[in-house]
Amino acid sequence: MAEARVALVTGASRGAGAGIARGLGELGYTVYVTGRTLSPGAAKGWDGSILPGTVAETAAQVTALGGYGIPIICDHGNDEQVAQLFDTIRVDHGRLDLLVNNASYMHHQLIEKKPFWEKELNAQLILDVGLRSAYVASWHAARLMTEQKSGLIGFVSSFGADCYMHGPAYGAQKAGLDKLAHDMAFDLKDSGVISVSLWLGPQITERSEIARQTNPEQYQEFMANAENPEFSAHIFDAIDRSTERETLSGQTLIGAEIAKTLGIKDRGHDRPSYRETLGTPRKKNTTAVY
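Throughout this document, residue positions are counted from 1 along each chain, in the order its sequence is written. Local features in this predicted model are restricted to residues of pLDDT 70 or higher, and side-chain atom pairs are both shown and tallied only at a pLDDT of 80 or more, whereas totals for entire chains, interfaces and linings draw on every residue. Only heavy atoms go into the side-chain values, all of them from the structure, while hydrogens and water stay out.

**A look at the nonpolar core**
Thought 1: We define a nonpolar core as any set of buried Ala, Val, Leu, Ile, Met, Phe, Trp, Tyr and Cys residues linked to one another through side-chain atoms lying within 4.5 Å. Partly exposed describes any residue whose relative accessible area lies between the buried limit of under 20% and the exposed limit of over 50%, with all areas from a 1.4 Å probe on protein chains only and scaled to the type maximum. Ranked by size, the top nonpolar core spans 31 residues in total, and within it L24 and I239 carry the most contacts.
Thought 2: Secondary structure counts use DSSP, requiring at least four H or I residues in a row for a helix and at least two E residues in a row for a strand, with both numbered from the N terminus. With 6 residues, the top contributor of residues to this core is helix 8 (residues 230–241).
Thought 3: Here L24 is in contact with A7, V9, Y29, V31, L98 and A233, once residues within four sequence places are set aside.
Thought 4: Membership of the second largest hydrophobic core comes to 27 residues, among which are I70, L85, A141 and V193. Here, residues are in contact when the closest pair of their heavy atoms is within 4.5 Å.

Shown next as structure tokens:
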């Protein structure tokens, strides 16, 4: 029997990260689940309510679905903790097949309809835990993956990289993730490791359900065709197994579109692409300046 593939999903106490971890569990992965939540209470929804979810709960769900979940408390704004995380993965498994960079600072004013200067300055912390943290995790993952000559470094991005969405800090973070995937692919060429950025559609998460209730006129229709976050896990896995993986490396891909190409469905359903209304991913540029 083949050894289970090993994945790391950052920021997986709840939300899209937890769903992606569960989706990998459905595929039989061993999944390292990281986050800061040891017990519920700190994370809150847009209405101020306490959000459920811990790394231990997500890991248990991964195991219940057929994989093996390993919970690790890790603040991805702390480089020492991140280094220790990868040391643990190296010692325990000696390999990493998939990194999903999902950890992101969620400011409580993110979806408020205010200009950026009327929001708290801390809204920019998404550029630290969200963009910088993804670079740090990818640096560690690349060192491990290039040794084994295989693996996928994935970034969870969105149409906010192109259209205005939730303000300039959010947009810059998503656009930055796309560029990380693009440029890392140059350095990873011929190593057996690939990097891709995935634009997710609206996600069914704890926060999005609260957003729909808090701002129904803005989110009700948008959420009608929302994706289960497990869908993205299946897409990342299919990309890594694809015979076209090298061609896909460095690209920013719309999840709903590449899913159709690879024959992946979300609980039996195709999901719509928002290319025509929200924007188009940047094209892969083959020019390199060293």
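**Details of the pattern of salt bridges**
Thought 1: Whenever a carboxyl oxygen of Asp or Glu lies within 4 Å of a side-chain nitrogen of Lys or Arg, that contact is scored as a salt bridge. According to the stated counting rule, one finds 15 salt bridges in the structure shown.
Thought 2: Between K114 and E112 there is a salt bridge whose closest N-O contact spans 3.3 Å.
Thought 3: Salt bridges sharing common partners tie together R5, D237, D240, R241, R245 and E246.

**Some words on the side chain of S13**
Thought 1: Along the chain, S13 turns up in the loop between strand 1 (6–9) and helix 1 (15–26).
Thought 2: Once residues within four sequence positions are removed from consideration, S13 is found in contact with A18, T34, G35, R36, T37, G53, T54, V55 and T58.

**Considerations on helix 8**
Thought 1: To estimate the expected span of a helix, count its residues, drop one, and scale the result by 1.5 Å. Counted at 1.5 Å a residue, the expected span for helix 8 with its 12 residues is 16 Å, and the 17 Å between its end C-alpha atoms agrees.
Thought 2: Counting buried positions over the 12 residues of helix 8 gives 11, a clear majority of the element.
Thought 3: Among the residues of helix 8, those classed as buried are E230, F231, S232, A233, H234, I235, F236, D237, A238, I239 and D240.

**Quick word on unusual backbone geometry**
Thought 1: Unlike most non-glycine residues, H166 shows phi in positive territory, near 65°.
Thought 2: Structurally, H166 can be placed in the loop between strand 5 (151–158) and helix 5 (168–188).
Thought 3: What makes H166 partly exposed here is its relative accessible area of 23%.

**Some details on the sheet that holds strand 7 (residues 252–254)**
Thought 1: Any two strands with at least two DSSP-identified bridges between them are counted as paired. As summarised here, the arrangement of the 7 strands in space is 3-2-1-4-5-6-7, forming an open sheet in which the pairing is parallel. Sheet topology places strand 3 (68–73) and strand 7 at the edges, where each strand pairs with a single neighbour. Adjacent strand axes in the sheet meet at a mean angle of 20° when their direction is disregarded.
Thought 2: Here strand 5 runs beside strand 6 (residues 193–200); their pairing, made up of 8 bridges, is parallel. Within strand 6, the position partnered with G154 by the bridge is V196.
Thought 3: Every angle, taken between N-to-C directions, lies between 0 and 180 degrees, and every axis is a line fitted to C-alpha atoms, over only the stretch in contact when it is a helix. Here helix 2 (residues 55–64) sits on the sheet in contact with strand 2 (30–35) and strand 3, set at roughly 170° to strand 3.

**Regarding the packing of aromatic side chains**
Thought 1: Stacked, tilted and edge-to-face are the three classes applied to pairs of Phe, Tyr and Trp rings, where Trp contributes its six-membered ring and a pair requires centres within 6.5 Å; stacked means planes under 30 degrees apart, edge-to-face means over 60, and tilted covers the rest. Within the structure shown, the criterion is met by 3 aromatic pairs.
Thought 2: Each ring, one from F159 and one from W199, has its centre 4.9 Å from the other, and the planes form 55°; the classification is tilted. Taken together, the residues F159 in the loop between strand 5 and helix 5 and W199 in strand 6 connect sequence positions 40 residues apart.
Thought 3: Between F159 and Y274, the ring centres sit 6.1 Å apart and the planes meet at 85°, which makes this aromatic pair edge-to-face.

**With respect to the packing of helix 8 against helix 10 (residues 255–262)**
Thought 1: Direction vectors running N to C along helix 8 and helix 10 enclose 55°, while the axes themselves pass 10 Å from each other. What the angle tells us is that helix 8 and helix 10 run oblique. For the crossing formed where helix 8 meets helix 10, the hand is left-handed. When helix 8 is examined against helix 10, the residues F231, I235, A238 and I239 are found in contact with a partner set consisting of G255, I258, A259 and L262.
Thought 2: Gly falls in the polar group here, along with every residue not listed as nonpolar (Ala, Val, Leu, Ile, Met, Phe, Trp, Tyr, Cys, Pro) or charged (Asp, Glu, Lys, Arg). A per-class count over the contact of helix 8 with helix 10 returns 7 nonpolar, 1 polar and no charged. Oblique is the label for every angle not falling under 35 degrees (roughly parallel), over 145 degrees (roughly antiparallel), or within 65 to 115 degrees (roughly perpendicular). Note on convention: near helix rotated counterclockwise from far helix by under a right angle means a left-handed crossing. Clockwise means right-handed.

**Concerning the environment of T30**
Thought 1: Mapped onto the fold, T30 is located in strand 2.
Thought 2: Between the C-alpha atom of T30 and that of A4, which follows or precedes it by 26 residues, the distance is 6.2 Å.
Thought 3: Apart from residues no more than four positions distant in its own chain, T30 is found in contact with A4, R5, V6, A7, Y68, I70 and H93.

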